[in-house]
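Here is what each chain is made of, one letter per residue.
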Amino acid sequence: MQRRWACGDCWLWCERTGIPVLWLGPVQWEGQHAPLYACQSCLRRLEEKLAAAQVRRGRSATPGRLRWGRGNCWLWCERTDLLTLRLGTVENDDLEAPLTVCEACIRRLECMVLASLAYVPP
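Residues numbered from 1 in each chain as written. Predicted model: local features only at pLDDT ≥ 70, side-chain atom pairs only at ≥ 80, totals over all residues. Heavy atoms only, no water.

1. Some details on the environment of Leu46
No. 1: With respect to the secondary-structure elements, Leu46 resides in helix H1 (residues 40–56).
No. 2: Judged by relative accessible area, which is 25%, Leu46 ranks as partly exposed.
No. 3: With 34 residues separating them in the primary sequence, Leu46 and Leu12 have C-alpha atoms 9.0 Å apart.
No. 4: When sequence neighbours within four positions are dropped, the list of residues in contact with Leu46 reads Leu12, Trp13 and Leu24. (Helix = DSSP H or I, 4+ residues; strand = E, 2+ residues; numbered from the N terminus. Buried < 20%, exposed > 50% of the residue type's maximum accessible area, 1.4 Å probe, protein only. Contact = heavy atoms within 4.5 Å.)

Dropping the structure here:
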């Protein structure tokens, strides 16, 4: 399933508005339906909770999912020793290193991508 980010409101913990969000699916309550959206940080928190629940049940996290870990941000802020996400690998000649990025720089990158696509909110 391909993820499609859009500008909207986060329905989870932060409740921020006008930010990049991902549709997670429909919510049903007493016969009513509504779309459930989450921002990157709340989605990460949800994934951590789901992974912890799987471990408690004796199952491992789903392979291939995004994993956050401590590292250095390679993009704009260049901060060190913070939670980062591995986006890929940087290669130069025979050298190779993981490309890790912090949440703030990922949000900045997502906003730049949405702007370049000339996204118009509904």
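Now, onward.
2. Details of a nonpolar patch on the surface
No. 1: Side chains of Trp76, Leu87, Leu109 and Met112 sit close together on the surface and give an oily, nonpolar patch of about 360 Å² of accessible area.
No. 2: Structurally, Trp76 is set in the loop between strand E4 (68–71) and strand E5 (82–92). (Patch = residues over 30% accessible without salt bridge, like charges linked within 9 Å, V, L, I, M, F, W, Y side chains within 5 Å. Areas by Shrake-Rupley, 256 points an atom, 1.4 Å probe, with all protein chains shown as cover. Salt bridge = Lys/Arg side-chain N within 4 Å of Asp/Glu carboxyl O.)

3. Some details on the side chain of Gln40
No. 1: Summarising the element assignment, Gln40 is placed in helix H1.
No. 2: Accessibility expressed as a relative area gives 6% for Gln40, which makes it buried.
No. 3: Those residues in contact with Gln40 that lie beyond four places of it in its chain are Trp5, Pro20, Trp68, Glu103 and Glu110.

4. Thoughts on the side chain of Glu103
No. 1: Tracing the backbone shows Glu103 in helix H2 (residues 103–116).
No. 2: At 2.5 Å, the side chain of Glu103 and the side chain of Arg44 are in polar contact.
No. 3: Setting aside its immediate chain neighbours within four residues, Glu103 contacts Gln40, Ser41, Arg44, Trp68 and Leu83. (Polar contact = N/O pair within 3.5 Å; in protein donor to acceptor, adjacent residues only side chain to side chain.)

5. Some remarks on the sheet that holds strand E3 (residues 32–38)
No. 1: Pairing in this open sheet of three strands is antiparallel, and the strands run E1-E2-E3 from one edge to the other. Either end of the sheet is taken by a strand with one partner, and the two such strands are strand E1 (5–8) and E3. Direction aside, neighbouring strands of the sheet carry axes that sit 55 degrees apart on average.
No. 2: As paired strands, E1 and strand E2 (residues 19–29) are joined by four bridges and run antiparallel to one another. When the bridges of E2 are listed, Ala6 appears paired with Val21. (Pairing = 2+ DSSP bridges. Axes fitted to C-alpha atoms, helices over the stretch in contact; angles between N-to-C directions.)

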